[in-house]
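Breakdown of the fold
Letter by letter, the chains look like this.
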Amino acid sequence: KHGADALRWYFLATSPPWVPTRFDEDGVKEVAGKVFDTLRNTYGFLSLYANIDGYDPKAHFVPLSSRPPMDRWVVSRLNTTVAEVVQSMDAYDLTKAVRRLQLFVLEDVSNWYVRLSRSRFWKGEMDADKKAAYSTLYEVLGATVRAAAPFAPFLTEDLHARLREAAPGVEVPDSVHLCAYPASDVKAVDAELETAMDSVRAIVTLGRSARNACAIKVRQPLSKILVAGVPGESRDAVVALAGLVLSELNVKDLVWADQKDLIVSRAAPVFPSLGPKHGKDVNQVADAIRELPPDDVAVLAAGASVKAVVADELVVIEPCDVEIVTETPEGLAVQTDGRLAVALDTTLTDDLRDEGLAREMINKIQFMRKEAGFQVVDRIHVRYEAAPRLKKAIKRFSARIAKETLATDIAESNEAGELQKEWDVNGEWARISVERVERGARP
């Protein structure tokens, strides 16, 4: 049902060969649908745009030192991963090797690098940035295919052949199994960049959780994100990648903050514990607990006791006497993982609301392009009718909407076009129609 490679990968990734394993066909299906399809889709993404742009790996090659930080990061991750995979294979720990490769493919390549680099492939001009993106993805995909070859010999042979066919000017062996196994290039490993990107990814994860918690869509721009917990010596490296945070979370600015400014902790009295100890003085002790300074609250939260003066007497307050309550300042959506804390400023200005409406329009038009069966390179006409507030936002951001949807023009009209639909755009009514510039044309 699922192929020999999926079965082989499933057994290797589930547990070491010497550990009894309960067979689960759904696990094999997940490998075929998740891991292998991700590899195929990554090749498909590269192939689609490489064919459109006439990409040539030799003619369009960009040296690693001249590529943007995102490219240097994924190449660093590739070489770090290859080193770990080779080390595991040398130790006959095939399960660890396969899991490491799988994590790299799913999280580093697909869920982070490709997803965040899509716009670099979409844009029209074949500039240095686009060439760097092509060079990076071609290099990473080729090395990943070779690294996975012993574990998925048939899939990797097919992908190797496709990559070879797409780059006739590059001399590579006929079969992936005749290639040398990838070796880690220590010069391409940038540990500081990898650490900084780990912080960026953690900030993004917490930022998404904060958006979910306050029920504000990612397409709605926000003014800023406040970040606490990144060591001072690491901040410059994170700032160099701050554009990724701003783009992923759709915020305008990243601001450093102290954790105490984002999360305020206070102590609340626990009367069942205080009553037997303090009798008639319990209310006075409770008042003292409510007024404890932040430093004492932190000590109690850490599991130690503190002392307070109650009616001119020194009283010991133990962790069991209090409940630590955390609060966030009004207008902030805060999330923390213990090490990092982030806060989104949820105050929405009219400008931010208008931009949010424009982004929602882009989303609706892109959905309609797909539903209408348009090709990714098709230029389109956009016609619309809309409620006054939305109409204002469309006119204000028409250039951005046109650029991101490949629209040659956006006009207010009731023309039906090839596809017309009514939408609720953040509570604003709209009727949108899309039509190719040359109806029926296909590149």
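Being a predicted model, the structure only gives us computed values, none of them experimental. (Residues numbered from 1 in each chain as written. Predicted model: local features only at pLDDT ≥ 70, side-chain atom pairs only at ≥ 80, totals over all residues. Heavy atoms only, no water.)

With that settled, the discussion passes to the overall build of the chain. Of regular secondary structure, the chain possesses 16 helices and twelve strands. Against the compact-globule benchmark of 22 Å for 443 residues, the chain has a radius of gyration of 28 Å, which places it well outside the compact range. With the principal axes as the frame, the chain shows a C-alpha extent of 90 × 65 × 45 Å. Split into buried and exposed, the 443 residues of the chain put 43% on the buried side. At a minimum sequence separation of 6, the contacts of the chain that also span at least 24 residues come to 73%. Carbon and sulfur atoms form 51% of the exposed surface of the chain, whose accessible area is close to 22700 Å². (Helix = DSSP H or I, 4+ residues; strand = E, 2+ residues; numbered from the N terminus. Rg over C-alpha atoms; globule rule 2.2 N^0.38 Å. Buried < 20%, exposed > 50% of the residue type's maximum accessible area, 1.4 Å probe, protein only. Contact = heavy atoms within 4.5 Å. Areas by Shrake-Rupley, 256 points an atom, 1.4 Å probe, with all protein chains shown as cover.)

The next point concerns the sheet that holds strand E8 (residues 341-345). Judged by pairing direction, the sheet is mixed, and its four strands sit side by side in the order E2-E1-E8-E7 without closing on themselves. With one partner strand each, in any of the chains shown, strand E2 (254-256) and strand E7 (332-336) form the two edges of the open sheet. For this sheet the average axis-to-axis angle between neighbouring strands, irrespective of direction, equals 20 degrees. Sheet topology note: the E7/E8 ladder contains five bridges and is antiparallel. Bridge pairing in E8 places Leu332 opposite Asp345. (Pairing = 2+ DSSP bridges. Axes fitted to C-alpha atoms, helices over the stretch in contact; angles between N-to-C directions.)

Let's shift gears to the sheet that holds strand E10 (residues 407-412). Here four strands make up an open sheet; going across it, the order is E10-E9-E12-E11 and the pairing mixed. Each edge of the sheet is formed by a strand with only one pairing partner; in this case those strands are E10 and strand E11 (419-425). When strand polarity is set aside, the average angle formed by the axes of neighbouring strands in this sheet is 25 degrees. Pairing analysis gives seven bridges linking E11 to strand E12 (residues 428-436), with the strands arranged antiparallel. Looking at the pairing, Trp423 lines up with Ala430 of E12. Strands in contact with helix H14 (residues 350-372) are strand E9 (380-386), E11 and E12; relative to E11, the strand with the most contacts, it is inclined by about 150 degrees.

The biggest cluster of nonpolar side chains holds 79 residues, and the ones touching the most others in it are Trp9, Val200, Ile203 and Ile225. With twelve residues, the top contributor of residues to this core is helix H4 (residues 94-122). Not counting the four nearest positions on each side in its chain, Trp9 is found in contact with Val31, Val35, Phe36, Val98, Leu101, Gln102, Ala148, Phe151 and Ala152. Among the nonpolar cores identified, the runner-up in size contains 24 residues, and Phe374, Ala393, Trp423 and Val425 belong to it. (Core = buried A, V, L, I, M, F, W, Y, C linked by side-chain atoms within 4.5 Å.)

All right, on to unusual backbone geometry then. Although it is not a glycine, Ala311 sits at a positive phi angle of roughly 55 degrees. Assignment of secondary structure puts Ala311 in the loop between strand E4 (306-310) and strand E5 (313-317). Classification of Ala311 as exposed rests on a relative accessible area of 52%. In this structure, Leu406 is a non-glycine residue whose phi angle is positive, near 60 degrees.

Counted under the stated rule, the structure contains eleven aromatic pairs. When the ring of Trp9 is compared with that of Phe151, the centres are 6.3 Å apart and the planes differ by 90 degrees; the resulting orientation is edge-to-face. Within this pair, whereas Trp9 is found in helix H1 (residues 4-14), its partner Phe151 is found in the loop between helix H5 (128-148) and helix H6 (153-166), the two being separated by 142 residues in sequence. Judged by relative accessible area, Trp9 falls into the buried class, the value being 3%. Using a relative accessible area of 2% as the deciding quantity, one classes Phe151 as buried. Pairing Tyr10 with Phe23 gives two aromatic rings, centres 5.8 Å apart and planes at 90 degrees, and the pair type is edge-to-face. Highlighted residues: Tyr10 in helix H1 and Phe23 in the loop between H1 and helix H2 (25-53), separated in sequence by 13 residues. Taking relative accessible area as the criterion, Phe23 reaches 46% and is therefore assigned partly exposed. Grouped by ring-pair contacts, the aromatic residues Phe45, Tyr49, Tyr55, Phe121, Tyr134 and Tyr138 constitute a single cluster. (Phe/Tyr/Trp six-rings, centres within 6.5 Å; stacked < 30°, edge-to-face > 60°.)

This paragraph deals with the packing of H1 against H2. For the pair H1 and H2, the least separation of the axes is 8 Å and the interaxial angle reads 105 degrees. Here H1 is positioned roughly perpendicular relative to H2, judged by the angle of their axes. Contact residues: H1 offers Asp5, Ala6, Leu7, Trp9 and Tyr10, while H2 offers Gly27, Val28, Val31, Ala32, Val35 and Phe36. Residues of the contact of H1 with H2, tallied by class, amount to nine nonpolar, one polar and one charged. (Parallel < 35°, antiparallel > 145°, perpendicular 65-115°, else oblique. Nonpolar A, V, L, I, M, F, W, Y, C, P; charged D, E, K, R; others polar.)

Right, let's get into a nonpolar patch on the surface. Taken together, the side chains of Leu48, Ile52, Val376 and Val377 define a hydrophobic patch exposed on the protein surface, amounting to about 290 Å² of accessible area. By the secondary structure assignment, Val377 is in the loop between H14 and E9. (Patch = residues over 30% accessible without salt bridge, like charges linked within 9 Å, V, L, I, M, F, W, Y side chains within 5 Å. Salt bridge = Lys/Arg side-chain N within 4 Å of Asp/Glu carboxyl O.)

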